[in-house]
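Close look at the chain arrangement
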Amino acid sequence: MKFSYVCLFTLLIVSLSTAISCNGIASNFAPSVVADNRTAIGELFNMSVRVSQGTGNIYFTIDPEVGLTTQFSALSAIRYAYSISNVSNQSCDTFVTLSRSEGVESVDGPSAGLNLAVLTYAALNNEPVRSDTVLTGAISKYGNALPVGGLFEKSKAAALSGAKYFAAPLDSLTTRIILLPIEKKYNIQIVNIKTAKEAIDFLVNGKLPQESSLFDATGVSPPDINASTVSGIENFKQLALNMVSLNNDSISNFKYSDKYANAIKSGFNLTIKKEELLLNKGYFFTAANDAFLNYIGLETINGYYSGDYVNIRETKKEINNCISSIPVIPKTLKNYEFVIGSELRKGWAEEKIQSTEPGILEEEKYFNYNDLMYAKAWCIVSSSIIDAVPVQNSPEQIYVNESLWQDLSKKRLDYVEKINSTNGEFKRRKTVAENLYNQGKYGASVFESQYLINYYALDYLSNDSLTNTNAVNTSTLFSYYTTSLWAKVYASHAEFIYQTSDDKNEAIKLLSYSKSLNDLNEALLDAQKINNSINSTGSSLQNNLQSPEDSLYKYLIFGVLFILIIIVLLYIQSRPKKQSEAPRYYKKK
């Protein structure tokens, strides 16, 4: 009998605790960036989370429409909040409501992730959320805070609203430095958030993160990784060495000294060791990419410390001169992937130049300067890729007829056009794909469209399905057979991410893109081969894929010969014929 009472009492306590945990609401303002053509402004919108008894469903407001990226970010955030609250997510339903700004019909992107984790935790535990803080940032399913874009617009919107704190994951010390003018002008404190737990401790429990965490992103210790299993990208080693050398020069040119400058020097010096390790392990693209980002950061910080010497208009002119000096070489069946890679980065640089305005606010200047440093670095890389083109010893070059790729490029662009995404990166890269297509650079355009398809159209795959690779042999996962240069490059980078990140999602998505590039490369080659087969009767492969200059010369020669033949025939026809003599008859004697 006593046992029965104990069981009933236990069940009653559990039921009451579940009911309490599944009956709460929390809300706060979250920042967003609203883009209108080429103008972007920051806005705050109210976000609320309500939990009630249910079966584990998650509901979103339908006005504004919530994009897939936001939904998947919310899934990670809400699951994390339930896990640290010790409440089963199968016992409650969660309702997410977003207020609608005027003219905004949809919301997309991962930047609401940290807010949703904080609000869900607060609702489950019936805790208030501090109202003097504006928070932004994405979240991994493991609870790590991930950086997002639009920090200038968001931090300014937070400051103008009267917030005391602007909290966000700062992906680099560069970001921290260029936020200083906002902090000083509007008297708002910038807070670096590294984990969702840190965000909850701050906004719910009032525990301010230590300032030392602001400098953790300056440099990363060389990771403990295995050598790359991907071969065939040795041509990228010199490109990586050039980028690392450029990064080292920027460090050497940094002559400033204060509490930030000292952290900058020590942090960026540490990245050199990381890049050297990556080179030794065969991750050439990863080393080049790391040096690329560090170079941008250092150049931006140098610009900040130089103060009034930063002139956005003059910087744009300098980069435009760099872009116009990128070598242009014809595509052949041996080098076309290199040239496509160069054209892509040139396209990125051009788009960044076009979309970066001088701005009228002093605090905005360094964000714009940082954008221009991306354009500058892309221009440098574009030229370096051309320099890395393999020397072709064969005197007979097989040239690519790029017009044969137009149909394939158009089909990919049409597919991209159907993707419904408000993500800023998606819009920028879609513009690049369109620009390249209009320039007749169909190979580069189709590569860019394929990226958008893999990263945005295939976003319906859940995190669990993407990262369920524990049973896969990773030694063969990334070293699959391919003849595509860029497929190998991205497979190698995916292998590095897989080893160093606790969230395998990015690695698997990048590997998926790598394999799509392999298929795409075969389609591009097939288009050239089919054209050669159709025209092979009466002409050689070289004639089918000849350069425009050779074609012009041959047409001129054939034209001159044809005209000469016509003249000779006309001359023969116009000559007067001799009259034949009458036959003579002889009498027989």
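Please read all numbers here as calculations on a predicted model, not as lab measurements.

The three strands are arranged E7-E10-E11 in an open sheet whose pairing can be described as parallel. Sheet topology places strand E7 (133-135) and strand E11 (189-192) at the edges, where each strand pairs with a single neighbour. The mean angle between the axes of side-by-side strands here comes to 20°, regardless of whether they run parallel or antiparallel. For strand E10 (residues 165-168) and E11, the ladder comprises four bridges, and the chain directions are parallel. If you follow Tyr165 over to E11, its bridge partner there is Gln189. Against the sheet, helix H4 (residues 151-160) touches E7 and E10, its axis set at about 150° to E10. Contacting E7, E10 and E11, helix H7 (residues 196-203) runs over the sheet at an angle of about 160° to E7.

Turning our eyes to something else, we now look at helix H12 (residues 336-355). When the terminal C-alpha atoms of H12 are compared, their 28 Å separation across 20 residues agrees well with the 28 Å that a helix rising 1.5 Å per residue should span. Taken across its 20 residues, H12 has 17 buried, putting it largely inside the fold.

Here the structure, examined in full by the defined rule, presents two disulfides. Between the sulfur of Cys22 and that of Cys92 lies a disulfide, 1.6 Å long from S to S. On the S-S bond that ties Cys22 to Cys92, the torsion sits near -50°, and the link is left-handed. With Cys22 in the loop between helix H1 (2-21) and strand E1 (24-36) and Cys92 in strand E5 (residues 92-98), this residue pair connects regions lying 70 residues apart in the sequence. Among the residues examined, Cys22 registers a relative accessible area of 2% and is labelled buried. According to the relative accessible area criterion, Cys92 is buried, its value standing at 1%. Note that Cys322 is cross-linked by a disulfide to Cys379, the S-S spacing being 2.0 Å. The sign of the S-S torsion, about -110°, decides the handedness of the disulfide formed by Cys322 and Cys379: left-handed. Taken as a pair, Cys322 in helix H11 (residues 312-324) and Cys379 in helix H13 (residues 365-387) lie far apart in primary sequence, 57 residues in all.

The residue Ala433 is located in helix H15 (residues 424-438) in this model. Residue Ala433 is classed as buried on the basis of its relative accessible area of 1%. For Ala433 and Leu452, which are 19 residues apart along the polypeptide, the C-alpha to C-alpha distance reads 9.4 Å. Beyond its immediate chain neighbours, meaning those up to four positions away, Ala433 contacts Leu413, Ser445, Glu448 and Ser449.

Here we take up the packing of helix H10 (residues 284-306) against H13. Packed helix pairs are characterised by how far apart their axes lie and by the angle those axes make with each other. Look at H10 against H13: their axes get within 9 Å of each other, and the N-to-C directions meet at 140°. When the interaxial angle is binned, H10 and H13 end up oblique. For H10 against H13, the interelement crossing comes out right-handed. Two secondary-structure elements touch here, H10 through Phe292, Leu293, Tyr295, Ile296, Glu299, Thr300, Gly303 and Tyr304 and H13 through Tyr366, Tyr369, Asn370, Met373, Tyr374, Lys376, Ala377, Trp378, Ile380 and Val381. Of the residues that constitute the contact of H10 with H13, the class distribution is 13 nonpolar, three polar and two charged.

Right, let's talk about the pattern of salt bridges for a bit. Under the defined criterion, the tally for this structure stands at 15 salt bridges. For Glu448, the salt bridge goes to Arg429, with nearest N and O atoms at 3.0 Å. Separated by 19 residues along the polypeptide, Glu448 in helix H16 (residues 442-457) and Arg429 in helix H15 bring together distant segments of the chain. Here Glu448 and Arg429 have matching classes, each one buried. Each of the salt bridges in this network shares a partner with another, and the network as a whole consists of Lys331, Glu343 and Glu402.

A cluster of nonpolar residues, Ile557, Phe558, Val560, Leu561, Phe562, Ile563, Leu564, Ile565, Ile566, Ile567, Leu569 and Leu570, forms a patch on the protein surface that exposes about 1200 Å² of accessible area. Assignment of secondary structure puts Phe562 in helix H22 (residues 548-574).

In this structure, Asn86 is a non-glycine residue whose phi angle is positive, near 55°. For Asn86, the position within the fold is in the loop between helix H2 (68-85) and E5. The phi dihedral of Asn187 falls on the positive side, at around 55°, and the residue is not glycine. Position of Asn187 among the secondary structure elements: in the loop between helix H6 (180-186) and E11. Looking at Asn187, the relative accessible area reads 70%, which means it is exposed.

Relative to the helices and strands, Asn294 is located in helix H10. For Asn294, the side chain forms a polar contact with the side chain of Thr271, separated by 3.5 Å. Ignoring sequence-local partners within four residues, the contact set of Asn294 consists of Asn247, Phe268, Thr271 and Glu275.

Moving on: the confidence of the model for the chain. Residues with a pLDDT of 70 or more make up 80% of the chain, whose mean pLDDT is 81. pLDDT under 50 marks residues 213-219. Its contacts with residues more than four places away, or in other chains, come to 23 contacts. Per-residue pLDDT stays below 50 along residues 579-589; that stretch engages in zero contacts with residues further than four places along the chain or on separate chains.

Okay, the pairing of E10 next. The two faces of E10 match: Tyr165 and Ala167 on one face and Phe166 and Ala168 on the other face are all buried. Summarising the sheet, E7 and E10 pair through three bridges and their orientation is parallel. Residue pairing across strands places Leu135 opposite Ala167, the latter belonging to E10.

As for its position among the elements, Val87 is in the loop between H2 and E5. Considering only alpha carbons, one finds Val87 and Asn125, 38 residues apart in sequence, at a separation of 9.7 Å.

Right, let's get into the side chain of Lys441. Positionally, Lys441 belongs in the loop between H15 and H16. One buried charged residue, Lys441, forms no salt bridge at all, with the nearest opposite charge on Glu343 at 5.0 Å. With residues up to four places along the chain from it excluded, the contact list for Lys441 reads Glu343, Lys346, Glu402 and Leu436.

Conventions we followed
Each chain has its residues counted from 1, running along the sequence as written. Where local features are concerned, this predicted model is filtered to residues with pLDDT of at least 70; where side-chain atom pairs are given and counted, the filter is 80 or more; whole-chain, interface and lining totals use all residues. Computation of side-chain values covers all heavy atoms of the structure but excludes hydrogens and water. Between any two strands, at least two bridges found by DSSP are needed for them to pair. Numbering goes from the N terminus for both helices and strands, where a helix is a DSSP run of H or I of at least four residues and a strand is a run of E of at least two. Between N-to-C directions, angles cover 0 to 180 degrees, with each direction set by a line fitted to C-alpha atoms, over the stretch in contact for helices. Any two residues whose heavy atoms approach within 4.5 Å are treated as being in contact. Every helix has an expected span of 1.5 Å times one less than the residues it contains. When a residue's accessible area, from a 1.4 Å probe over protein chains only, is under 20% of the maximum for its type it is buried; when over 50% it is exposed; and in between it is partly exposed. We call a pair of cysteine sulfur atoms a disulfide when they lie within 2.5 Å. Comment on the angle field: the value is read as roughly parallel under 35 degrees, roughly antiparallel over 145, roughly perpendicular from 65 to 115, and oblique elsewhere. By the definition used in this description, the sense in which the near helix is turned from the far one sets the handedness, with an anticlockwise turn below a right angle giving left-handed and a clockwise turn giving right-handed. Under the scheme applied here, ten amino acids are nonpolar (Ala, Val, Leu, Ile, Met, Phe, Trp, Tyr, Cys and Pro), four are charged (Asp, Glu, Lys and Arg), and all others, including Gly, are polar. By definition, a salt bridge exists where a carboxyl oxygen of Asp or Glu is found within 4 Å of a side-chain nitrogen of Lys or Arg. Exposure above 30% relative accessible area and the absence of a salt bridge qualify a residue for a patch, where like charges join within 9 Å and nonpolar side chains (Val, Leu, Ile, Met, Phe, Trp, Tyr) within 5 Å. Here the accessible surface of atoms and residues is derived via Shrake-Rupley with a 1.4 Å probe, and residues count as covered only by protein chains that are part of the display. Here a polar contact means two N or O atoms within 3.5 Å. Within protein one must be a hydrogen donor candidate and the other an acceptor candidate, and residues neighboring in sequence count only if both atoms are side-chain atoms. The predictor reports its confidence for every residue as pLDDT, a score running from 0 up to 100. Just so you know, the count uses Lys and Arg for positive and Asp and Glu for negative, and it drops His and the chain ends.

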